[in-house]
Structures are given as structure tokens and as C-alpha cells.
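One letter stands for each residue in the lines below.
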Amino acid sequence: MVIVLLWIVLASIVAFLVAWVNGANNAANAIGTAVGSRAISLKKALILASIFEFTGAILFGKYVSSTLLKGIVNIHAYTNPYIVMYGMFCALLATGLWVIAATWFKIPMSISQAIVGGVLGFGLATQGINVINWERIIIIVSSWFVVPLISIIVTILLYYAISFFLNRASVNSLPLIATSLYTAFLFIVLFLLILKNGGLNEVVYALGYSLSFACATGVLFYLLFKIKIPKASEEARNFTYKVLLIMAVATMAFSHGAHDVANSAGPLTGIMVIAFKHTIPYRIGIPYSILALCAAGISIGILMWGYSVVETIGEKITTLTTQSAFIAQFSASLIVLVITRLGIPTSTTGAIIGAVAGVGFARGIRNVNIKLLIKILIIWAIAAPIVALLAAIFLRILLIIL
């Protein structure tokens, strides 16, 4: 029993570390654009992000967590369940060390790429290629390249569309336009949250509930917005973009927490189940206690070290205004939320980097720091293989010691 408790404590510490550095590095995904455009102070942005990261992790986190737990490596192929436990532990440790290094050098890192590499590494080191779900791996790895590209395209289209309507809209019409965007945004979030199996009755229920709630709060949003909006045209537009940007920041934080809590919660769940039951059940749910622990780690990481990568995303890729920051954050938030609901461990960092680059490209390629983008892409490309190698080495050392 003492050994079991020791493993649970060690695994919880390492999982919390991964969640902590996840928050520290990826806080910039949610707040970098807002801080870089001077729409909100760093302190307020960190507090806002930590709250919504925690909420998203608790409500949405189980979908991607299940994929990381049993969708990459066929854990039921192991006759010795403790190999899986040791492997998940080493995957977490390798991921934590890699992302700490990336954060130290202010590189926006995709934690999902790192943990997928770690899980893949322990699988290859113990059972070889046959234990890997290569079909799933192809989908995940493809998403790492497709998501930034989609994010760039969507952002460019939104940049022209939103700029066209808002920049030409009268001051009197701005509250209605802002309310429409708010309502559509909230509707999508609620619909994806409520919808689980996709049956007709459930779709109808999700549509009705989401639309009703979004419209009801939209009315309140409209009334408050109309009271607060300045009378002068330029100030009114800046106010509109600022309000919408803060809304997008909250949604991105929510989406990131929902997606990236899996990087810690999935492997930790596997470790705890094996430690207690000494076997690998075919049905493994993600306990809310583990989601809460890892969600807390992300939130604390944001508050303690979340400023580290903010400058890279908010200022160094392209110069952001409140308008361009909102459009980048808005498009990245939607993309991440949809992919999270599909249960695909993709790169939330890739989505926001693509979106920020997208608003830069929309204004001309000279507005984008191409050298920095290439540097980030190279580091992303080597992340999964290096973490896979580290996890395999750690596992070999651990097996020798034990």
C-alpha cells in the first residue's frame, strides 16, 4: 500500500508540474493578443485567463483526456499493467522538462505535441510499432499542420469580413453587431458543450437550450453595451473591439483549458487506475478530481509564470491593434473549441500562432516576422521526436532501477 501511495503522490506531482508549465507557456494563447494590443493589463488578463481555463478544463476536459489515455497506445495489449503506469509517468516527466525549457526561452510550445510524443515513445520502447494506433497518430499529426493553416485562412477571411462591416457601421448599429457576434459565440460554445452523442433528440435539445440561453443573455449584453458605448465614432469602434476581444480571450482560455488539461489528466488517470486496481479496465472514465487537480495546475501556472511567452505572441510575430487582436483571438477560439469537442489532441498554440500570423498576412506579408515563425515551426517539428526519445530513455532507466 505504501508503494501505491508513493506512486500516486509522485505521479500527481509530475502531472501537476506539466499542468503548471502548460499554463505558464500557453497562457499567451489566450491573453497574448489582448495584452499585446494594450486592450487589457497583464495582471487582469492573467486573472481572467486562470478563471476560464479552470472552468473549461472541468466542463470539457474529459474528451481529449480519453484520447491521450487510450487512443494513441493500445494499453490493453500489455500483460503487465505496471509497464503502462511507468510509461505514462515517464511521458509526463519528459513533457514537463521539455516545456519548461521552451518556456524559459520564451518559445510558444504545443504541449499536446510533446505529450503525444511522450506516450508514443513509451509505447515504441516497450511493445514496438504494433501497439501504436497509427490511424489515430496520422489524424493527430496531420492536425498539427492543418490547424495553423486553417487558422490563417479563417483569420484572413474574418479580418476582411469583420473589418468591412464594423468599420463601415454607424455608431448606432455597433451594439447590434457586437451583440450578434456575442450571441453566435456563446451559442456555439453551449451547443458543443451540451451535445454528446449526436442523436436527433439530443441535437434538438442542444439547439433549443443553447439558442435560448444565448439569446436571453444577448439581450442583457445589448442593453449594457448600449449604455457603456462612447458617442464618438472612433472611440465607439475601439470600445466595441475591446469588449469583443475580452470576450474572445475568455473563450480561448476556456477552450485551451478544455483541450490541454488532457495533457496531464489522461496519463495521470491511467497511472492511478493501475496503481489502485492493479489491472487495466476496458472502460476508464476521467475522474473530476483529476481534472480539478490538473485544472488548478494550469490556473496557478498562468498566475505565476504566464507572462513569459506573452510578448512573443502579442508583439513579436506582428503588430496588433485591438481590431486585429480580436479577429485573431476570435477565429483561434472557434477552431480550438470545435477540435476539442472532436477529441483530437491538436495544437492550441498552432491555432493562435496561425491566427496572429493571419491578421498580419491580411495586412501584407511585410507585417509578419517570418524568421520568428520559421524558428517556432522548427522547434515544434522536433518536439514530439525529442520528447518520445526522452520518455523512452526515462522508462528504460526506471525499469532497470525497479
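Quick note: structure is the one above.
Read on for a plain summary of the structure. Worth saying up front: this structure is predicted, and the values here are computed from it rather than measured.

1. With respect to the overall build of the protein chain
Okay, step 1: Counting its regular elements, the protein chain contains 15 helices and zero strands.
Okay, step 2: In terms of overall dimensions, the protein chain has a C-alpha envelope of 70 × 50 × 35 Å along the principal axes.
Okay, step 3: With 402 residues in all, the protein chain has 59% of them scored as buried.
Okay, step 4: Within the protein chain, counting contacts between residues at least 6 apart in sequence, those at least 24 apart form 86% of the total.
Okay, step 5: Where the 23 positive side-chain charges of the protein chain centre and where its 8 negative ones centre are 2 Å apart.

2. A look at unusual backbone geometry
Okay, step 1: Its identity as a non-glycine residue notwithstanding, Arg 38 has a phi of 65 degrees, on the positive side.
Okay, step 2: When its relative accessible area of 60% is taken as the criterion, Arg 38 is described as exposed.
Okay, step 3: You will see that His 278, though not glycine, has its phi angle at about 55 degrees, which is positive.
Okay, step 4: Mapped onto the fold, His 278 is located in the loop between α10 (262-277) and α11 (288-305).

3. What about the environment of Lys 228?
Okay, step 1: Along the chain, the position of Lys 228 falls in helix α8 (residues 200-228).
Okay, step 2: On the basis of relative accessible area, Lys 228 is assigned to the exposed category, the value being 61%.
Okay, step 3: Between the C-alpha atoms of Lys 228 and Tyr 78, which are 150 residues apart in sequence, the distance is 61 Å.

4. Observations concerning helix α9 (residues 233-260)
Okay, step 1: For α9, spanning 28 residues, the distance from its first C-alpha to its last is 40 Å, which sits close to the expected 40 Å at 1.5 Å a residue.
Okay, step 2: Of all 28 residues in α9, 20 are buried, a share of seventy percent or more.

5. Re the packing of helix α14 (residues 348-362) against helix α15 (residues 370-401)
Relative orientation and spacing of two packed helices are given, respectively, by the angle between their axes and the distance between those axes.
Okay, step 1: Running from amino to carboxyl end, α14 crosses α15 at an angle of 165 degrees, the nearest separation of the two axes being 12 Å. Considered as vectors, α14 and α15 are oriented roughly antiparallel to each other. In the packing of α14 onto α15, the handedness of the crossing is left-handed. Between α14 and α15, the residues in contact are Thr 349, Gly 350, Ile 353, Ala 357 and Phe 361 and Ile 370, Leu 373, Ile 376 and Trp 380, respectively.
Okay, step 2: Grouping the constituent residues of the contact of α14 with α15 by class yields seven nonpolar, two polar and no charged.

6. Some details on the environment of Ala 232
Okay, step 1: Its place among the elements puts Ala 232 in the loop between α8 and α9.
Okay, step 2: We classify Ala 232 as partly exposed; its relative accessible area is 38%.
Okay, step 3: Put simply, Ala 232 and Val 171 are 61 residues apart on the chain and 7.8 Å apart in space, counted from C-alpha to C-alpha.

7. Description of the packing of aromatic side chains
Okay, step 1: All told, the structure shown has 15 aromatic pairs when counted by the stated rule.
Okay, step 2: Between Trp 7 and Tyr 86, the ring centres sit 5.2 Å apart and the planes meet at 35 degrees, which makes this aromatic pair tilted. Of this pair, Trp 7 sits in helix α1 (residues 2-36) while Tyr 86 sits in helix α4 (residues 81-104); the two residues are 79 residues apart in sequence, bridging distant segments of the chain. This pair shows no difference in class: Trp 7 is buried, exactly as Tyr 86 is.
Okay, step 3: Taking the centre distance of 6.1 Å and the plane angle of 35 degrees together, the rings of Tyr 78 and Phe 122 count as tilted.

8. As for α8
Okay, step 1: Across its 29 residues, α8 extends 41 Å between first and last C-alpha, which sits within 8% of the 42 Å expected from 1.5 Å per residue.
Okay, step 2: Residues of α8 that are buried: Ala 206, Ser 210, Ala 214, Gly 218, Phe 221 and Phe 225.
Okay, step 3: Considering only its buried residues, α8 is in contact with α7 (174-194) and α9.

Thresholds, definitions, all that
Think of each chain on its own: its residues are numbered from 1, step by step along the sequence as written. For a predicted model such as this one, the threshold for reporting local features is a pLDDT of at least 70, and the threshold for listing and counting side-chain atom pairs is 80 or more; totals across whole chains, interfaces and linings nevertheless cover every residue. Only hydrogens and water are set aside when side-chain values are computed; all heavy atoms of the structure are taken into account. Where helices and strands are cited, they refer to DSSP runs of H or I of at least four residues and of E of at least two residues respectively, numbered from the N terminus. The buried label goes to any residue with under 20% of its type's maximum accessible area, the exposed label to any with over 50%, and the partly exposed label to all in between, with areas taken from a 1.4 Å probe on protein chains only. Any two residues having at least one pair of non-hydrogen atoms within 4.5 Å are treated as being in contact. When charges are counted, Lys and Arg are positive and Asp and Glu negative, with His and the chain ends excluded. Every charge is mapped onto a representative atom, which is NZ of Lys, CZ of Arg, CG of Asp or CD of Glu. Every helix has an expected span of 1.5 Å times one less than the residues it contains. Note on geometry: axes are lines fitted to C-alpha atoms, helical ones only across the stretch in contact, with angles between N-to-C directions running from 0 to 180 degrees. Any angle that falls under 35 degrees is termed roughly parallel, while one over 145 is termed roughly antiparallel, one within 65 to 115 roughly perpendicular, and all others oblique. Rotating anticlockwise by less than a right angle from the far helix to the near helix defines a left-handed crossing, while the corresponding clockwise rotation defines a right-handed one. Think of it as three bins: nonpolar holds Ala, Val, Leu, Ile, Met, Phe, Trp, Tyr, Cys and Pro, charged holds Asp, Glu, Lys and Arg, and polar takes everything else, Gly as well. Think of it this way: a Phe, Tyr or Trp ring, Trp meaning its six-membered ring, pairs with another when their centres are within 6.5 Å, and the plane angle makes it stacked under 30 degrees, edge-to-face over 60, tilted otherwise.

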